[in-house]
Amino acid sequence: MSEEEFERGVWTACKALPNTLRRYTDPDRPLPQGSRYIESAGASLLYIAFAGFWWLIATGLAVAMLNELSGRLLGPSPAEPGLPPLILVGLLLCAIFGVYNLTRTIAEQRGVRKERLEGRFREGLFLLDDGLLLKKQDHALFLPKDAVTRFERITRGRGDGSFIQVHYDVETGERGLLSLERMDLDSVAFELEKRLDAWLQEGSRPTEA
């Protein structure tokens, strides 16, 4: 894909990025000298706790299903007719989702830890001379610096932390909004906002090929 064909402001598979951008996301290639890279911290403690919560629910549902099935095999009493089949299927699906969610989270964290030890971890935010490059798993998004208008720090509430939103203009003349909340960047929102504001004030210049 050429620079002209690349659609900016849209999440794109990393393998489809132009070469000038792919060299930042490809772990097999060294980062260009002087790169400004803010790593993703990986799954947050809240997300891991959420996955664990689903695991507990799955365990409880599995126990309930075993009790229900054993009761059906022994024959339900008139006072206890048992759960309808549709509810049993729903409980089974919830249990499967809980186990899958926890397993996936653990596998992702092991992968991140392994990539960090090998120096191959490339996920987060890159501050390029001509724009912002975000990488999340196997996809990336590029916003030209000239399109970015400002950064806004959003506070969700007491104890809930804060995150950064990027305001930008798109080619159609409309305004766009990009949240960095799900990037899980390894940086305090207040410090990140100051760093991004300073980057924006530098002006834009072409990124070296």
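Now for a look at the structure at hand. Because the structure is a prediction, the values reported are computed rather than measured.

1. Some thoughts on the overall build of the chain
Then, in step 1: When you go through the chain residue by residue, the secondary structure sums to 4 helices and 8 strands.
Then, in step 2: By the burial criterion, 33% of the 209 residues in the chain qualify as buried.
Then, in step 3: Counting only contacts in the chain whose residues sit at least 6 apart along the sequence, the fraction spanning at least 24 positions is 59%.
Then, in step 4: Entry remark: accessible area of the chain is about 13300 Å², with carbon and sulfur atoms responsible for 57%.

2. A word on helix H4 (residues 189–201)
Then, in step 1: Spanning 13 residues, H4 covers 18 Å between terminal C-alpha atoms, matching the ideal 18 Å at 1.5 Å per step.
Then, in step 2: Those residues of H4 not exposed but buried are Ala189, Leu192, Glu193, Leu196, Trp199 and Leu200. Along the axis of H4, the buried positions cluster into a sector of 125 degrees, meaning they face one direction only.
Then, in step 3: Gly203 lies just past H4 and shows a positive phi near 85 degrees.

3. Thoughts on the pattern of salt bridges
Then, in step 1: Tallied over the full model, the rule gives 4 salt bridges.
Then, in step 2: Between Arg36 and Asp129 there is a salt bridge whose closest N-O contact spans 3.8 Å. With Arg36 in strand S2 (residues 36–39) and Asp129 in the loop between strand S3 (124–127) and strand S4 (131–136), this residue pair connects regions lying 93 residues apart in the sequence.
Then, in step 3: Taking relative accessible area as the criterion, Arg36 reaches 24% and is therefore assigned partly exposed.
Then, in step 4: Its salt-bridge partner being Lys145, residue Glu202 comes within 3.9 Å of it at the nearest N-O pair. Residue Glu202 is located in the segment after H4, and its partner Lys145 is located in the loop between strand S5 (139–144) and strand S6 (148–157); the two are separated by 57 residues in the primary sequence.
Then, in step 5: For Glu202, a relative accessible area of 41% translates into the label partly exposed.
Then, in step 6: Taking relative accessible area as the criterion, Lys145 reaches 4% and is therefore assigned buried.

4. Remarks on the sheet that holds strand S1 (residues 12–13)
Pairing between sheet strands relies on hydrogen bonds along the backbone, with the strands arranged either parallel or antiparallel.
Then, in step 1: Taken in spatial order, the 5 strands make up an open sheet running S1-S5-S4-S3-S2, and their pairing is antiparallel. The open sheet is flanked by S1 and S2, the only strands paired with a single partner.
Then, in step 2: By the bridge criterion, 6 bridges tie S4 to S5 in an arrangement that is antiparallel. Bridging from a neighbouring strand, Lys136 pairs with His139 of S5.

5. Digging into the side chain of Glu123
Then, in step 1: Here Glu123 shows up in the loop between helix H3 (85–118) and S3.
Then, in step 2: Although Glu123 is buried, it makes no salt bridge; Lys136 carries the closest opposite charge, 4.0 Å away.
Then, in step 3: Residues contacting Glu123, with those up to four places away along its chain left out, are Tyr37, Ile38, Glu39, Ser40, Lys135, Lys136 and Gln137.

6. A look at the packing of aromatic side chains
Then, in step 1: Tallied over the full model, the rule gives 3 aromatic pairs.
Then, in step 2: Measuring from centroid to centroid gives 4.5 Å for Tyr37 and Phe126, while their planes differ by 5 degrees, and the two rings are stacked. A residue pair is termed long-range when its members are at least 10 positions apart, and Tyr37 in strand S2 and Phe126 in strand S3 qualify at 89 residues. Phe126 shares its class with Tyr37; the two are buried.

7. Concerning the side chain of Arg23
Then, in step 1: Relative to the assigned elements, Arg23 resides in helix H1 (residues 19–25).
Then, in step 2: For Arg23, the side chain forms a polar contact with the main-chain oxygen of Thr20, separated by 3.3 Å.

8. Points about the nonpolar core
Among soluble globular proteins, nonpolar side chains are generally buried collectively.
Then, in step 1: Ranked by internal contacts, the top residues of the largest apolar core, which has 21 residues, are Leu125, Leu132, Phe151, Leu180 and Leu196.
Then, in step 2: Broken down by secondary-structure element, the contributors of at least two residues to this core are S3, S4, S5, S6, strand S7 (161–169) and H4.
Then, in step 3: No other element matches H4, which puts 5 residues into this core.
Then, in step 4: Leaving out residues up to four positions away in the same chain, Phe151 has contacts with Leu132, Ile164, Gln165, Val166, Glu193, Leu196, Asp197, Trp199 and Leu200.

About the criteria used
Residues numbered from 1 in each chain as written. Predicted model: local features only at pLDDT ≥ 70, side-chain atom pairs only at ≥ 80, totals over all residues. Heavy atoms only, no water. Helix = DSSP H or I, 4+ residues; strand = E, 2+ residues; numbered from the N terminus. Buried < 20%, exposed > 50% of the residue type's maximum accessible area, 1.4 Å probe, protein only. Contact = heavy atoms within 4.5 Å. Areas by Shrake-Rupley, 256 points an atom, 1.4 Å probe, with all protein chains shown as cover. Expected span 1.5 Å × (residues − 1). Arc of directions from axis to C-beta. Salt bridge = Lys/Arg side-chain N within 4 Å of Asp/Glu carboxyl O. Pairing = 2+ DSSP bridges. Lys, Arg positive; Asp, Glu negative; His and termini not counted. Phe/Tyr/Trp six-rings, centres within 6.5 Å; stacked < 30°, edge-to-face > 60°. Polar contact = N/O pair within 3.5 Å; in protein donor to acceptor, adjacent residues only side chain to side chain. Core = buried A, V, L, I, M, F, W, Y, C linked by side-chain atoms within 4.5 Å.

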